[in-house]
Amino acid sequence: MANRKRIGILFNFSPKWMGGVVYVLNAIKVLNFLEDGDKPVVFVFYNPNLQRFVDEIDYPYLQKISWPYPSVYKQFLKSLLTRKNTFVHDIITQYKLDTVFPLHDFPVRSALDCKLISWYADLQHLHYPHFFSAAKRFERYLRVQFILKNSDHLVVSSNAVKADFQRFFEIPKGMHIEIYHFVSIIDHFPQHSKAEMTLKYNLPENYFIICNQFHKHKNHKVALDAMAHLKKKGIRIHLVLTGKLPEDDKSAYLEELRKIISENKLEDQIVFLGILPRDAQLSIMNHATAVIQPSLFEGWSTVIEDAIALQKPVVSSNLAVNVEQLNDKGYYFSPLDFEELASVLTHTNFNDIPLPMYESYESRVKRAAKTLHKILTA
């Protein structure tokens, strides 16, 4: 292991933000698809709140280190006073790291001989500012400004996000923006039969599925409106919904969805399953007619990646990032046009789509591994 690159992975997200959690887990797991000689030693510095996720990582050159991440505000102040990036200074010097990723906080430019790679998921707050509080928008703005000022390497998940950075910010000449197309890692492909899952979760015979948390930008509303529209025409479709519900049971968005369901008497056409074990969710997705991804905004969709890995058709909002992800394999609709979505759902014969729809899982994952390896070690 002496000649292997030493990569520090910062794992300090809220367990509630599954997008960040899954991103880091997959970034480590994808390295398994490198040739053994190229595999770096990975030191994952994790917040103890994320222990259960760290326990599931299987990688041959992995060191798991529970790390006492301090307050962001105190560390910013300490970094400014000492003129060194105290978020990572001790980690780098103690473990002799070649690279640290993904780093969000750059209060000052580090003088250490270590490649510090920032990552930013998306700039949703600039497209839909009303989805964020003023304080959260300001925090995001400052974080991006510090990254652009004090970092040389920024990883984003899509050309769409890179274009947003170039549109909204002045990019310093020395900044390298790298695109890493996140891919889903399927530890165990679904083995459960349709009959087994139907019985266990009381599923209809045929159904579409949406696997998103219940945030407003995930846009479940357009799917419910499409179902109501079709019902008025005498066409019934069934929808399975998975994902975390808002913590506030009386959230305005959840109330809006409930109202659509109640007024149109859609209760018997919808199955709410909430958060599921990953193998169960993948199995239910695998037996769906198609996956619906109706979002108003995405940086790069984990749900679409799962569908691609399973060779499932995706009916997707026509966001630039979704088209970048699916290319000509997607079935698109305007995210605000429920009639267009209804038409796609009822006029597409999903059962006759030739398989495989997409590039093979093995090929996609190996390419992603090589891309990430180059970003981390070049």
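Everything numeric in this text was worked out from a predicted model, so none of it was measured.

Caption draft 1: Seen up close, the overall build of the protein chain. Scanning the protein chain from N- to C-terminus turns up 15 helices and 13 strands. Since a compact globule built from 378 residues should have a radius of gyration of about 21 Å, the 22 Å found for the protein chain is in line with a globular shape. Projecting the C-alpha coordinates of the protein chain onto the three principal axes gives extents of approximately 70 × 45 × 35 Å. Burial status across the protein chain gives 54% buried among its 378 residues. Summarising the internal contacts of the protein chain: among those between residues at least 6 apart in sequence, 67% fall at separations of at least 24. Placing the 45 positive and 40 negative side-chain charges of the protein chain at their respective mean positions leaves the two points 5 Å apart.

Caption draft 2: Fine view of the environment of Ala 280. Among the structural elements, Ala 280 can be located in helix 11 (residues 278–286). Separated by 88 residues in sequence, Ala 280 and His 192 place their C-alpha atoms 8.1 Å apart. Setting aside residues up to four positions removed in sequence, Ala 280 forms contacts with Met 197 and Tyr 201.

Caption draft 3: Geometry of the nonpolar core. Grouped together as the largest cluster of nonpolar side chains are 129 residues, with contacts concentrated most on Phe 11, Val 30, Phe 165 and Ile 284. Contact partners of Phe 165, with chain neighbours within four places excluded, come to Tyr 120, Leu 123, Val 144, Leu 154, Val 156, Ile 171 and Ile 177.

Caption draft 4: Spatial organisation of the pattern of salt bridges. Tallied over the entire structure, the rule returns 18 salt bridges. For the salt bridge of Arg 143 with Asp 105, the shortest nitrogen-to-oxygen distance reads 2.7 Å. With Arg 143 in helix 6 (residues 134–150) and Asp 105 in the loop between strand 4 (99–103) and strand 5 (115–119), this residue pair connects regions lying 38 residues apart in the sequence. We note a salt bridge from Lys 366 to Glu 362, for which the minimum N-O separation is 3.9 Å. Remark: Glu 362 and Lys 366 occur in helix 15 (residues 361–377); sequence separation between them is four residues, near one turn of the helix. The network of salt bridges with shared partners includes Asp 105, Lys 136, Glu 139 and Arg 143.

Caption draft 5: View of the packing of aromatic side chains. Tallying each qualifying case throughout the model produces 22 aromatic pairs. Ring centres of Tyr 59 and Tyr 61 lie 6.3 Å apart, and the angle between their planes is 80 degrees; on these two criteria the pair is classed as edge-to-face. Accessibility assignment for this pair places Tyr 59 and Tyr 61 in one class, buried. Ring centres of Tyr 331 and Phe 350 lie 5.7 Å apart, and the angle between their planes is 70 degrees; on these two criteria the pair is classed as edge-to-face. In this pair, Tyr 331 is assigned in strand 13 (residues 331–333) and Phe 350 in the loop between helix 14 (338–347) and helix 15, connecting sequence segments 19 residues apart. Take Tyr 331: its relative accessible area is 24%, and that puts it in the partly exposed class. Among the aromatic residues, ring-to-ring pairing joins Phe 13, Trp 17, Tyr 23, Phe 101, Trp 119, Tyr 180 and Phe 182 into one connected group. A cation over an aromatic ring shows up here: Arg 4 above the ring of Tyr 61, its NZ or CZ 3.9 Å from the ring centre.

Caption draft 6: Representation of the environment of Val 156. Looking at the element boundaries, Val 156 is found in strand 6 (residues 153–156). By relative accessible area, Val 156 is classed as buried at 0%. With sequence-adjacent residues up to four places away left out, Val 156 is seen in contact with Tyr 120, Val 161, Lys 162, Phe 165, Ile 177, Glu 178, Ile 179 and Tyr 180.

Caption draft 7: A look at the sheet that holds strand 8 (residues 208–211). Pairing is parallel in the open sheet, where six strands are placed in the order 10-9-8-11-12-13. Looking at strand neighbours, the two that pair on one side only are strand 10 (270–274) and strand 13, the edges of this open sheet. Here the strands of the sheet are splayed against their neighbours by 25 degrees on average, with no regard to which way each runs. Both strand 8 and strand 11 (residues 290–293) contribute to a ladder of two bridges, which runs parallel. By the bridge assignment, Phe 208 is partnered in strand 11 with Ala 290. Strands strand 8, strand 11 and strand 12 (314–317) of the sheet are contacted by helix 12 (residues 302–310), whose axis makes an angle of about 165 degrees with strand 11.

Caption draft 8: Here's a closer look at unusual backbone geometry. The linkage connecting Phe 101 with the following residue, Pro 102, adopts the cis geometry, with an omega of -10 degrees. Positionally, Pro 102 belongs in strand 4. With an omega of 0 degrees, the peptide bond running from Leu 355 to Pro 356 counts as cis. Phi at Lys 96 is positive, roughly 50 degrees, even though this residue is not glycine. Within the element layout of this structure, Lys 96 appears in the loop between helix 4 (89–95) and strand 4. Taking the relative accessible area as the measure of exposure, Lys 96 reaches 61% and is therefore exposed.

Caption draft 9: Structural view of the side chain of Ser 110. Mapped onto the elements of the fold, Ser 110 is located in the loop between strand 4 and strand 5. The contact partners of Ser 110, leaving out residues within four places of it in the chain, are Asn 85 and Leu 116.

What counts, and at which threshold
- Residues numbered from 1 in each chain as written.
- Predicted model: local features only at pLDDT ≥ 70, side-chain atom pairs only at ≥ 80, totals over all residues.
- Heavy atoms only, no water.
- Helix = DSSP H or I, 4+ residues; strand = E, 2+ residues; numbered from the N terminus.
- Rg over C-alpha atoms; globule rule 2.2 N^0.38 Å.
- Buried < 20%, exposed > 50% of the residue type's maximum accessible area, 1.4 Å probe, protein only.
- Contact = heavy atoms within 4.5 Å.
- Lys, Arg positive; Asp, Glu negative; His and termini not counted.
- Charge placed at Lys NZ, Arg CZ, Asp CG, Glu CD.
- Core = buried A, V, L, I, M, F, W, Y, C linked by side-chain atoms within 4.5 Å.
- Salt bridge = Lys/Arg side-chain N within 4 Å of Asp/Glu carboxyl O.
- Phe/Tyr/Trp six-rings, centres within 6.5 Å; stacked < 30°, edge-to-face > 60°.
- Lys NZ or Arg CZ within 6 Å of the ring centre and 35° of its normal.
- Pairing = 2+ DSSP bridges.
- Axes fitted to C-alpha atoms, helices over the stretch in contact; angles between N-to-C directions.

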